[in-house]
Amino acid sequence: MIITDIKEADIYQVLEIYRPYITDTRITFEYEAPDLETFTERVRHYTEQFPWLVSKDGKKVRGYSYASVYRGRLAYQWDCELSVYVDRDCRGQGIGKRLYTKLLEILTRQGYYNAYGVIALPNENSVRLHENLGFKLEGVQKNSGFKAGKWVDVAFYTKALRTFDTPLKAPVPY
């Protein structure tokens, strides 16, 4: 397995990994899978500032991770929210951990201070991943989202990427 930046040729496979998380789980709060054009535009938008990584076995994408804006106000510019998704058939092989580790390294070099994981509960795999990588539980919002006929709690995990000195500049685009 290699970890690399996403390429346009990978986007269809990435969407196919994401699709069952939308249709079969409450892990993401999207109700319907985006079409390929919409998803491609999403990737293009995020990668203007943030890394979007894929884990590949030959030409086959097995998982992906990316960062995005945590909150839109300027004072939050040193924070980012992370996501990781692994192909159903490849869970438990350490792909998510390797993707997140590489993503965190890049974000630190870019100048980010805080990384946030926002986890729809229950999701033991994601909770374990975040805790194993040093994220700390900040709190749980009860009944935060409604999907598939049920109210879902959301856990907020945070990891400091650097010491909290006065930032000299905004994080650099990826």
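Residues numbered from 1 in each chain as written. Predicted model: local features only at pLDDT ≥ 70, side-chain atom pairs only at ≥ 80, totals over all residues. Heavy atoms only, no water.

(A) Examining helix α3 (residues 95-110) more closely. Relative to the 22 Å expected for 16 residues at 1.5 Å per residue, α3 spans 23 Å between its end C-alpha atoms, a close match to the ideal helical length. Burial in α3 covers these residues: I95, G96, L99, Y100, L103, L104, I106, L107 and Q110. Taken end-on, α3 shows its buried residues confined to a sector of 165 degrees, consistent with a single buried face. Phi turns positive one or two residues past the end of α3, at G111, with a value near 110 degrees. (Helix = DSSP H or I, 4+ residues; strand = E, 2+ residues; numbered from the N terminus. Expected span 1.5 Å × (residues − 1). Buried < 20%, exposed > 50% of the residue type's maximum accessible area, 1.4 Å probe, protein only. Arc of directions from axis to C-beta.)

(B) Molecular detail of helix α4 (residues 124-132). When we look at burial in α4, the residues that qualify are S126, V127, L129 and H130. Taken down its axis, α4 places every buried residue within 160 degrees of arc, on the same side. Along α4, the residues that are exposed and aim more than 90 degrees away from the buried face are E124 and N132. Looking at the buried positions of α4, the neighbouring elements they touch are β4 (79-86), α3, β5 (114-120) and β7 (150-160). Immediately beyond the C-terminal end of α4, within one or two residues, lies G134, with a positive phi of roughly 90 degrees. (Contact = heavy atoms within 4.5 Å.)

(C) Quick look at the pattern of salt bridges. Per the stated rule, a full pass over the model turns up 8 salt bridges. Note that D24 is salt-bridged to R88, the shortest N-O span being 2.2 Å. Of the two residues, D24 sits in helix α1 (residues 11-24) while R88 sits in the loop between β4 and α3, which places them 64 residues apart along the sequence. Note that D153 and K142 form a salt bridge whose closest N and O atoms lie 3.4 Å from each other. In this pair, D153 sits in strand β7 while K142 sits in strand β6 (residues 136-147), placing the two residues 11 residues apart along the sequence. We classify K142 as exposed; its relative accessible area is 61%. Because the salt bridges share partners, they merge into one network encompassing E8, E41 and R44. (Salt bridge = Lys/Arg side-chain N within 4 Å of Asp/Glu carboxyl O.)

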